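Architecture at a glance
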Amino acid sequence: MSNQLGPARQNTAVIRPKQLDGATNTLVCLGFCGGGTGPYHPWAEVVAPDVDVALICYPGRDGRFLEDFATTWDELAEDATRTVVSAVGDRPYVLFGHSMGGWMAFDVASRLEARGTSVPDALVVSSCNAPARGLTPRDMFPAHQDTDEELLTWMRTHGLIAAHVLEDPDLLEMAVEIMRADIAVRDTFRHNGAAGVTMPLQVLAGADDEVIEPDAPAQWRELALGPYRHDSLPGGHFYTPEVWRALPTHIAAINR
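Our subject in this report is the structure included herewith. (Residues numbered from 1 in each chain as written. Predicted model: local features only at pLDDT ≥ 70, side-chain atom pairs only at ≥ 80, totals over all residues. Heavy atoms only, no water.)

Here we come to the overall build of the protein chain. When its secondary structure is counted, the protein chain shows seven helices and seven strands. Radius of gyration (C-alpha) of the protein chain: 17 Å, near the 18 Å computed for a compact globule of 256 residues. For the protein chain, the C-alpha atoms occupy an extent of roughly 50 × 40 × 35 Å along the three principal directions. The proportion of buried residues among the 256 residues of the protein chain is 54%. Within the structure as shown, the protein chain displays about 11,200 Å² of accessible surface, and the carbon and sulfur contribution to it stands at 54%. Distance between charge centroids for the protein chain: 5 Å, based on 19 positive and 35 negative side chains. (Helix = DSSP H or I, 4+ residues; strand = E, 2+ residues; numbered from the N terminus. Rg over C-alpha atoms; globule rule 2.2 N^0.38 Å. Buried < 20%, exposed > 50% of the residue type's maximum accessible area, 1.4 Å probe, protein only. Areas by Shrake-Rupley, 256 points an atom, 1.4 Å probe, with all protein chains shown as cover. Lys, Arg positive; Asp, Glu negative; His and termini not counted. Charge placed at Lys NZ, Arg CZ, Asp CG, Glu CD.)

The sheet built from seven strands is open, its strands ordered β1-β3-β2-β4-β5-β6-β7 with mixed pairing. Each having just a single partner strand, β1 (14-15) and β7 (228-233) make up the two edges of the open sheet. As judged from the four bridges shared by strand β2 (residues 25-30) and strand β4 (residues 94-98), these two strands associate in the parallel manner. The partner of Val28 across the bridge, within β4, is Leu95. (Pairing = 2+ DSSP bridges.)

What follows concerns the nonpolar core. If you look at the biggest cluster of nonpolar residues, it comprises 76 residues, and the most contacted ones within it are Leu30, Val84, Leu95, Phe96, Leu123, Met155 and Trp220. When residues of this core are assigned to their parent elements, the largest contribution, eight residues, is made by helix α2 (residues 100-115). When residues no more than four places from it in sequence are discounted, the contact partners of Phe96 are Leu27, Val28, Cys29, Leu30, Tyr40, Trp43, Ala105, Val124, Ser126, Leu204, Leu247 and Ile251. (Core = buried A, V, L, I, M, F, W, Y, C linked by side-chain atoms within 4.5 Å. Contact = heavy atoms within 4.5 Å.)

All right, on to the packing of aromatic side chains then. Tallying each qualifying case throughout the model produces 14 aromatic pairs. Here the aromatic rings of Trp43 and Phe96 are separated by 5.3 Å at their centres, their planes lie at 75°, and the arrangement is edge-to-face. Of the two residues, Trp43 sits in the loop between β2 and β3 (51-56) while Phe96 sits in strand β4, which places them 53 residues apart along the sequence. Both residues of the pair, Trp43 and Phe96, belong to the buried class. By the ring-pair criterion, three or more aromatic residues cluster together here, those being Phe32, Tyr40, Trp43, Phe96, Phe141, Trp154, Phe238 and Trp244. (Phe/Tyr/Trp six-rings, centres within 6.5 Å; stacked < 30°, edge-to-face > 60°.)

What follows concerns helix α3 (residues 148-157). Given 3.6 residues per helical turn, the α-helix brings residues three or four places apart onto the same face. Taken together, the buried positions of α3 are Leu151, Leu152, Trp154 and Met155. Down the axis of α3, the sector holding all buried residues measures 160°, keeping them to one side. Contact partners of the buried residues in α3: α5 (169-186). Looking one or two residues beyond α3, the residue adopting positive phi is Gly159, at roughly 70°. (Arc of directions from axis to C-beta.)

Let us look at the side chain of His98. By the element assignment, His98 lies in strand β4. In terms of polar contacts, His98 uses its side chain to reach the backbone carbonyl oxygen of His237, at 3.2 Å. Not counting the four nearest positions on each side in its chain, His98 is found in contact with Leu30, Phe32, Tyr40, Ser126, Ser127, His237, Phe238, Tyr239 and Trp244. (Polar contact = N/O pair within 3.5 Å; in protein donor to acceptor, adjacent residues only side chain to side chain.)

Attention now moves to the pattern of salt bridges. According to the stated counting rule, one finds 16 salt bridges in the structure shown. Taking the shortest distance from any N to any O, the salt bridge between Glu78 and Arg111 comes out at 2.6 Å. One end of the pair, Glu78, is in helix α1 (residues 73-88); the other, Arg111, is in helix α2, with 33 residues separating them in the sequence. One salt bridge connects Glu149 with Arg156, and the closest N-O pair in it is separated by 3.2 Å. Owing to a relative accessible area of 45%, Glu149 belongs among the partly exposed residues under this scheme. (Salt bridge = Lys/Arg side-chain N within 4 Å of Asp/Glu carboxyl O.)

This is the structure:
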């Protein structure tokens, strides 16, 4: 049976690299601080042939570049929640978020669970501390006081800037603007008070990630009201390049 996606196909807030009809499952990805959807595009070639990939675009970038940036965490979380619902409807999906996106994925999943609509079959968070402990200085990187060059260095180091952007001063300026907008939103984060989520929760973390607290897996376990799994992978906050390229292969819910 063809799984027609309808209006979501034209939705500039939802990018589908595979354009797959008849998917049995969908991996929905929420962006990290300053990252956009670009770093997730190659994953469409990594997931199984019957798994679709839906990338959620935040306001102010990519196809939504004419929209104003969100200015608070709650504003962005509500936007992301609506966008996820528009992307999946009542179809099965796994919700994924990396770093700041992991907190956003937890927030969105708990909001959907509270509303009883479009609840993900599983939640996967990557390279992030548990949100219940709140925002700490350890989480505030890059920082709002960093210079433009420091932010660009951070983005280059972690592969967040495409080659064509590096050659265009206007695009570089836009990349910094997006990063600063995300930093401003991140710095307004407050835990939404949810006791946890009942869908299966998987936590991925880099073995050498200095940002993640040693007890983060135990803190995440407290938020898992259903099945829980923790996987330690090689590398730091973005793992190794090889692990990042194949990260979907470590997501249990789409590799059964």
